[in-house]
Amino acid sequence: MHFPNPCFMKKGALLLALLMAPFLAAAQDVNQLIDGLKTELSSKPDAKRTATIYSDLTWYYTNVAIDSSLHYGAKAVVASRKLGDSTLLAQVYSDVAAAYFRKGDFESSKSNYLTAYKIRKARKDYPGLAKININLGSIYGSRQQYQSAVKAYLDAIEYFEKTGGNELIVNVTKENLGYIFREMKNYPKAIAYIGQGIKYEEQNKLTDRLCISCLNMGNVYLEMKDTLKAMQYYDKSMAACKKTGDKKALQSLHNNIGNIKAGQKKNAEALQLYAESQQEREQFNSDLDKASLKINQAKLLINTGKYREANQMLLDIKKVFEQQESRGDLLYVYNLLVPVYARLNQPDSTILYANKYAELKEQLLNDNALRQTAELEAKYQTTKKEKQLLEKEAESRAKTNLIVVIATLAFFIALVGLLIYRQQRIKNRQQQQEFQLKSAIAQIETQNQLQEQRLAISRDLHDNIGAQLTFIISSVDNIKYAFDIGNAKLDNKLQSISHFTQATIVELRDTIWAMNSNEITFEDLRARILNFIEKAKDAREEIDFRFTIDEQLGGLKLSSVSGMNIYRTIQEAVNNAIKYAEATAISIAVTLNEDKIAIDITDNGIGFDQDKIEKGNGLINMEKRIEDLGGIFSLRSEYKKGTTILLLLPNHA
Amino acid sequence: MIIILVAVILLLILVIIWLNVSFYQERKLFQSRLAHLQRVIVEVSQKQLGQQEQLLLSSELDEVLKASKSVLSDEIFSLNREVFELLSKNNLLKK
C-alpha cells in the first residue's frame, strides 16, 4: 500500500506493501492476544509451546511495540534453535525481519529474511519462499535496488499464479511491482501492473484496495504530466476512499489534487484542498509529516505573493525540521526562505539563509559522498571477500577434482593389472591343460604303437601257424593218396588229423578275419555265416537257410570282439542245428526290439527235452560270450519241434 | 594436469578394451585347440580300444591254438605208434 506524494517522497517508509496488511487488524484485539499469550507463558508451558508463544509475541508486538517484538524475537530464535525445529525457526526469522522492516532497519530485515529464505529453501517450503520474496521485494524497493525487487516480486507472482487460488496476493504484488516500475521511470509497465490490480479490484468490488490503487495510478500519470488521466484516477480513488473512510489516503488525494490545481493557477481551489488535507492529516500524521505537507502551502503562498504568511509558515516548519533533524526538508525550507526574505527586503536574513542553505547543501553533499564512499568501500571489501571465497572454492574444487581423477586413474591401473594377472593365470592353466592332453595323447600313441607291434607279431605268428597247418593237411592228404593204406585204423587216424587240422585252420582264419576288421557290420556277419553254411552244405545239401536283417540295423557297426562273439555264437547254433538236430531249415533274423538287438536262430530239427539233457561246452560257451557282451542268452527247445535260440544284445549305437 | 590425467584414464580404458578383445580371441583360439586335441585323444583312444580287442582275439586264438597243438601232437604221436606197431608186426623195421 503506497501513499506517495510526488512532492515529498520518503521512499523507504512508503514501501510497506503487503507486509503491512496484517497490521490493519484492530489494535485492541492484538493487545488482548498479547495478554493472553503472556498469561500462558507465565504458566511455564513445555519448550515447544514456549518457543511458539515467543514467536507469536514477536509477530503481534510488531504492530504495537517494535522493541518488545525484537526482544521476543531474540528469545524465539534461541528457543527454536534449542528445539531444532526448522519450521518454527524459519517463521521466527520472518517475524523478526518484519519487525525490523517496521522499524525501518531494512538491512537487518533483509538479513533475517534471507536466513528464513535459506531454511525454507532447504525444507522446500515453496509457499513460504514466495511470501519471503514479496517482503524481500519491498526491502529491495526501499533500498532502491529495483532490479532485485523486480526479480523477487516476479518470482513470487510466478509461484502464486502457478499454484492458483491466491488472486488477491498476486494482484497486490503486481501493484507493488508497478510501484517499483514507477520508481524506475518505466511508466508503461507501471501502468500495466497497477492497471491489472485495479481491474481485479473492480471485478471483486474491493473498495478499500481501489482507494489506494487508483491513488497510485493517478500518481503515475501525474509524474507523466498527464493531469487529465491523473485527475480521472484521483476521482475514482476519492469515491472509493470516501466510502471506506480512509483518511490517510484522502489527505494524500487532497494534497495531490491541490498540486494539480496550483499548477493550473487555480490558487483558491488549491488552498481549499490543502486546508482539507491539513485537517485530515492533523488527526494522525506526525509533526514531521505535517510539516512536510505544509511546504506545498508555503510554496503556493509565495506564488501568490503572500510573503509574510509564507515566511511565518516556513519558519514554523523550519523549527519542526530542525527538531527532527530532517536535513533534506530543512534544505528545501532554506531554499524557499532566501527568495522570501529577499522579497521582504531583509538582506541580512537573505544572506543568512543563503549561507545556511549553501552550508547545509555542502554538508549533505559531503555526507552523501562519505556514504557513497563507505558504500563503495563496503562493496569493494565484499567483492574482494567474495573473490577470495570464490578462489578458495575453486581451489578446493580443483583439489577435489584432482583427487577424484587420481583415484579413478589408480582404479583403472589396478584394473588393468588385475586383468593382466588374471589373464596370465588363465593362460598358464590353459597351457597346463594343453600339455596334459598332449602328454596323454603321446602316451596313448606310444601304447598304440606297442600294441601295433604286438599285433604285427601275432599276425606273423598266425600266418606261420596257418602255413604249418596247411602243410600238415597237405602231408596227410599226400600220404593217403600216395600210399594204399589198407589198415582202417591208420586210415581213420589220418582222416581225424586232417579234419582236426582243417577245423583249426577255419578257427584261425575266422579270428584273423575279425582281427583285420576294425569294425564288423551285420552284413559282414551274414556273408561270413553264409560262407560257413556253404561249406556245411557240402555235407548236407538239403538245408534251407535264411538270414534276414532289419533295415535299421544294416549299417550298425560292431567292434571286432563283439562281432567275433556274435559270429561264434551264431556259428555254434547253426553248427548244432546241422550236426545234431538234423534240421532241414535254419533261419536267422536280426531285428531291433525297442532298445535291444534281437537275434533269433530257429531250426526245425528234432529238438530236445531241456529238462533231461545237460548243457554241453558249446551251449555254455555261447551263453558266456553273450553275457560278456552284456546281453541275454535264452534257449527254447521241444522234442521233435525244433529249437529256438534268442540273443538280446544292448544297442550301443 | 587434470587434462593429462584424464587422457591417461581414457588411454587406460582403451587398453582395457583392447585387453578384453585380445583375451576373448585367445580364449576362442584355446578352445579350438582344445577341441582339436580332444578329437585326437578320442581317435587314438578308439584306436587303442580296437587294438586291445584285436589283441584279446589274438590271445584267445593263441589259447585255441595251444589246445589244438596239444591235440594234434597226441594225434600224431598216436599215428606214429600205430605205424611203428604195424612195421614191427611185419618185421619191417631196420635192424
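Reading the values: rules and limits
- Once a new chain begins, its residue numbering starts again from 1 and follows that chain's sequence as written.
- The naming scheme follows written order: chains are lettered A onward, ligands numbered 1 onward.
- It should be noted that, the model being predicted, local features are given only for residues of pLDDT at least 70 and side-chain atom pairs only at 80 or more, the latter also being counted only at that level, while totals for whole chains, interfaces and linings use all residues.
- To qualify as a helix, a DSSP run of H or I must reach at least 4 residues; to qualify as a strand, a run of E must reach at least 2; elements of each kind are numbered from the N terminus.
- Remark: C-beta atoms are placed from the backbone, and a residue is labelled buried if 20 or more other C-beta atoms sit within 10 Å of its own, exposed if 12 or fewer do, or partly exposed between those counts.
- Whether two residues are in contact depends on their C-beta atoms, placed from the backbone: they are in contact if these lie within 7 Å.
- Residue polarity is assigned by list, with Asp, Glu, Lys and Arg as charged and Ala, Val, Leu, Ile, Met, Phe, Trp, Tyr, Cys and Pro as nonpolar; anything else, Gly included, falls into the polar class.
- A pair of strands is considered paired only if DSSP assigns at least 2 bridges between the two.
- Simply put, an axis is a line fit to the C-alpha atoms, just over the touching stretch for a helix, and the angle between two N-to-C directions goes from 0 to 180 degrees.
- Orientation is classified from the angle alone, with under 35 degrees giving roughly parallel, over 145 giving roughly antiparallel, 65 to 115 giving roughly perpendicular, and any other angle giving oblique.
- What makes a crossing left-handed is the near helix being turned counterclockwise from the far one by less than a right angle; a clockwise turn instead makes it right-handed.
- pLDDT is a per-residue confidence score from the predictor, ranging from 0 to 100.
- For a helix, the expected span equals 1.5 Å multiplied by the residue count minus one.

The helix and strand inventory of chain B stands at one helix and zero strands. Every one of the 95 residues in chain B was classed for burial, and the buried ones make up 7%.

All right, on to the interface of chain B and chain A then. In this assembly, 44 residues from chain B lie in contact with 51 residues from chain A. For the side of chain B that touches chain A, the per-class residue count stands at 30 nonpolar, nine polar and five charged.

A few words now on the sheet that holds strand S4 (residues 585-593) of chain A. All names here are of chain A. Read across the open sheet, the five strands follow the order S2-S4-S5-S7-S6; overall the sheet is mixed. Either end of the sheet is taken by a strand with one partner, and the two such strands are strand S2 (544-549) and strand S6 (632-637). Across this sheet, the average inter-strand angle for adjacent strands is 10°, counted without regard to direction. Summarising the sheet, strand S5 (residues 596-603) and strand S7 (residues 643-650) pair through eight bridges and their orientation is antiparallel.

Residue and element names in this part refer to chain A. Two elements in contact, helix H7 (residues 126-142) and helix H8 (residues 146-163), have axes separated by 8 Å at closest approach and are oriented at 155°. Relative to H8, H7 is oriented roughly antiparallel. Judged by the twist between their axes, the crossing of H7 over H8 is left-handed. Seen from H7, the contacting residues are Tyr126, Ala130, Asn133, Ile134, Leu136, Gly137, Tyr140 and Gly141; seen from H8, they are Tyr146, Ser148, Ala149, Ala152, Tyr153, Asp155, Ala156, Tyr159 and Phe160. Per-class residue counts for the contact of H7 with H8 are twelve nonpolar, four polar and one charged.

This paragraph deals with the packing of helix H21 (residues 560-579) of chain A against helix H22 (residues 617-628) of chain A. All names here are of chain A. Two elements in contact, H21 and H22, have axes separated by 9 Å at closest approach and are oriented at 155°. Comparing their axes, H22 and H21 come out roughly antiparallel. In this structure, H21 crosses over H22, and the sense of that crossing is left-handed. Across the interface between the two elements, Asn565, Arg568, Thr569, Glu572, Ala573 and Asn576 of H21 pack against Gly618, Asn621, Met622, Arg625, Ile626 and Asp628 of H22. For the contact of H21 with H22, the per-class residue count stands at three nonpolar, five polar and four charged.

On to the confidence of the model for chain A, then. Put simply, chain A has an average pLDDT of 85, and 94% of its residues get 70 or more. In this model residues 1-27 of chain A is a low-confidence stretch, pLDDT under 50, and it forms 52 contacts with partners more than four residues away in sequence or in other chains.

Examined bridge by bridge, S6 of chain A and S7 of chain A share six bridges and lie antiparallel to one another. Bridged to Arg636 of chain A within S7 of chain A is Thr644 of chain A.

Residues and elements named next belong to chain A. Helix length check: H7, at 17 residues, gives a terminal C-alpha distance of 24 Å against a target of 24 Å (1.5 Å per residue), a fit within 8%. The buried fraction of H7 is high, at 13 of 17 residues. A positive backbone phi angle near 60° is found at Gln144, which sits one or two residues after H7.

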